[in-house]
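Notes for the structure review
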Amino acid sequence: MSDRVTNVFIAGVGGQGILLASEILSAVALARGLDVKKSEVHGMAQRGGSVVSHVRFGKRVHSPVVAEGEADVLVSFEKMEALRWIHYLKPGGKVVVNAQEIIPSGLDSYPAGIDARIRERAPDAVFVDALKLAKEAGNVRAVNTVMLGAFAAFLEFPDDEWKKAIEAGVPKKTIDVNVAGFELGRRAAKGA
């Protein structure tokens, strides 16, 4: 096992399942015998505000916080949040973005040009229509597991570890929908 620490920065707005996604990612890394540190910022989550989670894992991790410019993967559950936090991405890092647009409070419409501005910093950014795929899986609330599947395509953890963590992390009656969402997200990212 190398001494390298992997830094994942997960962003979105309140109610999108950012914290559950970071819990599942942490569980997968722990199951692989890695040291894991996690930090979360809830902000105005209950009012649709920004929510971020830092997840770091490796042989030995000293801090739970991803430094600016050090994220190996930036996962955003909403496009504008990807743009807001893209300065955390390291050069050559991977960006996985839910194509969903949530109009911020105080605005009448969604700002234009967000995709292009993300691509300026990350030309190979992967955009996934997680809301559409969650509906296809059977529940719009599976957006978080669709996004887990999308960014899992860029991490070296086996599918069975992800599925075990999902099964342990979601309510029993939603396991099938969430596993289906994960699989759809993974396929979408690999095909991007």
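Residues numbered from 1 in each chain as written. Predicted model: local features only at pLDDT ≥ 70, side-chain atom pairs only at ≥ 80, totals over all residues. Heavy atoms only, no water.

Close contact between helix H5 (residues 143-152) and helix H7 (residues 175-191) brings their axes to 6 Å; oriented N to C, the two are set at 40 degrees. By the angle between their axes, H5 is oblique relative to H7. Crossing of H5 against H7: the hand is right-handed. Of H7, the residues touching H5 (which contributes Asn144, Thr145, Val146, Leu148, Gly149, Ala150 and Ala152) are Asn178, Gly181, Phe182, Gly185, Arg186 and Ala189. Classifying every residue of the contact of H5 with H7 gives six nonpolar, six polar and one charged. (Axes fitted to C-alpha atoms, helices over the stretch in contact; angles between N-to-C directions. Helix = DSSP H or I, 4+ residues; strand = E, 2+ residues; numbered from the N terminus. Parallel < 35°, antiparallel > 145°, perpendicular 65-115°, else oblique. Left-handed = near helix turned anticlockwise from the far one by under 90°. Contact = heavy atoms within 4.5 Å. Nonpolar A, V, L, I, M, F, W, Y, C, P; charged D, E, K, R; others polar.)

Another aspect to go through is the nonpolar core. Val8, Ile10, Leu25, Phe57, Phe151, Phe157 and Trp162 are the most contacted members of the largest nonpolar core, which totals 42 residues. Top element by residues in this core is H5. It accounts for seven residues. In contact with Phe151, not counting residues within four places along its chain, are Val8, Ile10, Leu25, Val73, Val75, Val96 and Trp162. Among the nonpolar cores identified, the runner-up in size contains 21 residues, and Ala71, Ala82, Trp85 and Ala122 belong to it. (Core = buried A, V, L, I, M, F, W, Y, C linked by side-chain atoms within 4.5 Å. Buried < 20%, exposed > 50% of the residue type's maximum accessible area, 1.4 Å probe, protein only.)

The subject of this paragraph is the sheet that holds strand E6 (residues 126-128). The strand order E2-E3-E1-E4-E5-E6 describes an open sheet built from six strands, whose pairing is mixed. Either end of the sheet is taken by a strand with one partner, and the two such strands are strand E2 (35-41) and E6. Strand after strand, the sheet turns through a mean of 15 degrees between neighbouring axes, direction not considered. Direction of pairing for strand E5 (residues 89-98) relative to E6: parallel, over a ladder of three bridges. Pairing of Asn98 across the sheet is with Val128, part of E6. Taken strand by strand, H5 contacts strand E1 (6-13), strand E4 (71-76), E5 and E6, and its axis lies near 145 degrees from that of E5. (Pairing = 2+ DSSP bridges.)

Before going further, it helps to examine the pattern of salt bridges. Applying the stated criterion to the full structure yields 13 salt bridges. Ionic pairing is found between Glu161 and Arg32, a salt bridge with its closest N-O pair at 3.9 Å. Of this pair, Glu161 sits in helix H6 (residues 159-169) while Arg32 sits in the loop between helix H1 (18-31) and E2, placing them 129 residues apart in sequence. Between Lys163 and Glu183 there is a salt bridge whose closest N-O contact spans 2.7 Å. With Lys163 in helix H6 and Glu183 in helix H7, this pair connects stretches of sequence that are 20 residues apart. Judged by relative accessible area, which is 30%, Glu183 ranks as partly exposed. (Salt bridge = Lys/Arg side-chain N within 4 Å of Asp/Glu carboxyl O.)

Scope: geometric values only; no functional claims are made or implied.
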